[in-house]
Amino acid sequence: MVLYIHHLVSHKKKPLRMYDVIIVGAGPAGTSAALYANKLGLKTVLIDKSRFPRDKICGDALSGKSVKILDDLGLIDGLNNLDGSIIKRIIFANPKHSECELFLDKSLNKEHISHGYVIPRNIFDNYMFEQARKVSDVEQGFSVSDLLIDGDKVIGVKGKSKEGSEKEFKGSIVFGADGPNSIVSKRMGLYSMDMEHTAVGIRCYYENVGDLTDQIELHYIEEINPGYFWIFPAGKNRANIGVGLLKSIVKKEGRRLNEIMEAVINSDNFKHRFIDAVPLEKPKGWNLPFGSIRRENHGEGFLLLGDAAGLVDPFTGEGIGNAMESGRIAAKTASIAKEINNFGKEHLKSYDQELWGYLGNELNTSTRLLKLAHSKFLLNFVINRAARNEKVRNIMSGMLADEIPKTELSNPLFYLKILFS
């Protein structure tokens, strides 16, 4: 009888650990949220369907916004030890192949962070994951299949490991940081693919691409208008090469991005740079949900972050910085919600308000710029003028450094200013 009782006790199911925050997705949005949550004294678990390190299809560029967050988190020194490239210049090229070169270190404010990075995501995301796992529980190789809901409130998630074991996690709030196909968004009925506000991009790593130093290049050329062709150095003689275009245009015109990229690489303007280049993979595609519309991003007991919230910059296609900012704001929102014990939708709308208060003007401006990019005349005009005039270049550099409002770019007076500079 004693042995039987011992058997029952030893196999008794362990009670679920309660978390302040459950984070689904361990990309830049999720890991930033975990790191900021720890600063605020929140107990978190970070869940991802993959095991790290893992690849993530992306342009790999870390903008000044990303660098500011990394600096705030005390992660810059470690970043400098990763395999990648430090970026000090941005080259914009128009349909006529005129180029405008902007130097990030020629900032109006000398205290401003004066460089960016291009670091392959399998390296950068693993770095962020390793930092986050120091301060958060982690569950790798675990696919979330559904949400736990009590009444109308999300109280946790459930799913299965790659080995097949099922598990549940319960907490006060769930962060959906799990990309454009977010299970959190889908299960709450918020997911909707809108081709007018989503781009598709393809990426291919090459080695031995010519003329790579400390610059990233965005070529708004004829073959891809109103999208662009990019060339980013990615360390170790690698380059991240790709093209991006709105899904609606791809579908309407029946275009294949890998064929467009191949044609551009072999065109007279670029073939000399690819004479010795060797592709390291087959081109891979992914969706970019643009912040050109304000999607619903919160509800009873949950928030959506990063790509799950549709925060990709419509003009540049950059999403990492905005994702990390959403992680910062989400952690702050969860901390306040814990203090007053209110994780309801009405209270959590403060997340949406602060997020769009911070990013909204920039995303709205980038949306207008994307529309302007349809005009080859304006692209040729602005970039030609900037290529010839240092004053215009300084104005644009100031905008990249957030020292001159980017909204100027969508103001017709800006083009008069360029015309008479």
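Residues numbered from 1 in each chain as written. Predicted model: local features only at pLDDT ≥ 70, side-chain atom pairs only at ≥ 80, totals over all residues. Heavy atoms only, no water.

### A word on the overall build of the chain
If you tally the helices and strands in the chain, you get 13 helices and 19 strands. Taking the contacts inside the chain whose residues are at least 6 apart along the sequence as the reference set, 72% of them involve residues at least 24 apart. If you sum the accessible surface of the chain, you get close to 19,200 Å²; carbon and sulfur atoms cover 51% of it. (Helix = DSSP H or I, 4+ residues; strand = E, 2+ residues; numbered from the N terminus. Contact = heavy atoms within 4.5 Å. Areas by Shrake-Rupley, 256 points an atom, 1.4 Å probe, with all protein chains shown as cover.)

### Overview of the packing of helix H9 (residues 320-340) against helix H10 (residues 345-372)
Packing of H9 against H10 brings their axes to within 9 Å, and their N-to-C directions diverge by 155 degrees. Considered as vectors, H9 and H10 are oriented roughly antiparallel to each other. Crossing of H9 against H10: the hand is right-handed. Here Asn322, Glu325, Ser326, Arg328, Ile329, Ala330, Lys332, Thr333, Ile336, Ala337 and Ile340 of H9 lie close against H10, whose contacting residues are His347, Leu348, Ser350, Tyr351, Glu354, Leu355, Tyr358, Leu359 and Leu363. Residue composition of the contact of H9 with H10, grouped by class: eleven nonpolar, five polar and four charged. (Axes fitted to C-alpha atoms, helices over the stretch in contact; angles between N-to-C directions. Parallel < 35°, antiparallel > 145°, perpendicular 65-115°, else oblique. Left-handed = near helix turned anticlockwise from the far one by under 90°. Nonpolar A, V, L, I, M, F, W, Y, C, P; charged D, E, K, R; others polar.)

### Quick word on helix H2 (residues 28-39)
Along its twelve residues, H2 runs 17 Å from first to last C-alpha, staying within 8% of the 16 Å computed at 1.5 Å per residue. Along H2, ten of the twelve residues are buried, which leaves the element largely enclosed by surrounding structure. All buried positions along H2 are accounted for by Pro28, Ala29, Gly30, Thr31, Ser32, Ala33, Ala34, Leu35, Tyr36 and Ala37. Contacts made by the buried residues of H2 are with strand S1 (18-24), strand S2 (44-47), helix H3 (64-72), helix H5 (121-133), strand S11 (166-176) and H9. Backbone geometry just downstream of H2 places Gly41 in the positive-phi region, at approximately 80 degrees. (Expected span 1.5 Å × (residues − 1). Buried < 20%, exposed > 50% of the residue type's maximum accessible area, 1.4 Å probe, protein only.)

### Observations concerning the packing of aromatic side chains
One pass over the full model with this rule turns up nine aromatic pairs. Arranged with centres 5.3 Å apart and planes meeting at 10 degrees, the rings of Tyr220 and Phe315 form a pair that is stacked. In this pair, Tyr220 is assigned in the loop between strand S13 (215-219) and strand S14 (228-233) and Phe315 in the loop between strand S19 (302-304) and H9, connecting sequence segments 95 residues apart. This pair shows no difference in class: Tyr220 is buried, exactly as Phe315 is. Ring pairs connect the aromatic residues Tyr220, Tyr228, Trp230, Phe232, Trp286 and Phe315, which therefore count as one cluster. Lying over the aromatic face of Tyr191, Lys186 brings its terminal NZ or CZ to 5.4 Å of the ring centre. (Phe/Tyr/Trp six-rings, centres within 6.5 Å; stacked < 30°, edge-to-face > 60°. Lys NZ or Arg CZ within 6 Å of the ring centre and 35° of its normal.)

### What about the packing of H2 against H5?
Running from N to C, H2 and H5 cross one another at 20 degrees; their axes reach a closest spacing of 9 Å. With respect to each other, H2 and H5 are oriented roughly parallel. Like other packed secondary-structure pairs, H2 and H5 cross with a definite hand, here left-handed. Contact residues: H2 offers Pro28, Thr31, Ser32, Ala34 and Leu35, while H5 offers Arg121, Phe124, Asp125, Met128, Phe129, Gln131 and Ala132.

### Focus on unusual backbone geometry
With an omega dihedral of 0 degrees, the bond running from Phe52 to Pro53 counts as a cis peptide bond. Tracing the chain through its elements places Pro53 in the loop between S2 and strand S3 (61-62). Unusually for a residue other than glycine, Asp60 sits at a positive phi of about 75 degrees. Positionally, Asp60 belongs in the loop between S2 and S3.

### Some points on the pattern of salt bridges
Per the counting criterion, the structure on display carries 24 salt bridges. Residues Lys236 and Asp83 are paired through a salt bridge, measuring 3.1 Å at the closest nitrogen-oxygen approach. Separated by 153 residues along the polypeptide, Lys236 in the loop between S14 and strand S15 (238-246) and Asp83 in the loop between helix H4 (76-79) and strand S4 (85-87) bring together distant segments of the chain. What makes Lys236 exposed here is its relative accessible area of 61%. For Asp83, a relative accessible area of 33% gives the class partly exposed. Several salt bridges converge on common partners, so that one network encompasses Asp55, Arg203, Glu281 and Lys284. (Salt bridge = Lys/Arg side-chain N within 4 Å of Asp/Glu carboxyl O.)

### Some details on the confidence of the model for the chain
In the predicted model, the chain carries a mean pLDDT of 86, and the fraction of residues at 70 or more is 83%. In this model residues 415-421 is a low-confidence stretch, pLDDT under 50, and it forms 19 contacts with partners more than four residues away in sequence or in other chains. (pLDDT = per-residue confidence, 0-100.)

### As for the pairing of S15
Counting buried positions over the nine residues of S15 gives nine, a clear majority of the element. Burial along S15 is two-sided: Arg238, Asn240, Gly242, Gly244 and Leu246 and Ala239, Ile241, Val243 and Leu245, pointing in opposite directions, are all buried. Relative to S15, strand S12 (residues 198-207) runs antiparallel, the two sharing nine bridges. The residue bridging Arg203 from the neighbouring strand is Gly242, located in S15. Where S14 lies against S15, six bridges are found, and the strand directions are antiparallel. Across the sheet, residue Phe232 finds its bridge partner in S15, namely Asn240. Connecting S14 to the next strand, S15, in antiparallel fashion are four residues, including Gly235 with a positive phi near 80 degrees. (Pairing = 2+ DSSP bridges.)

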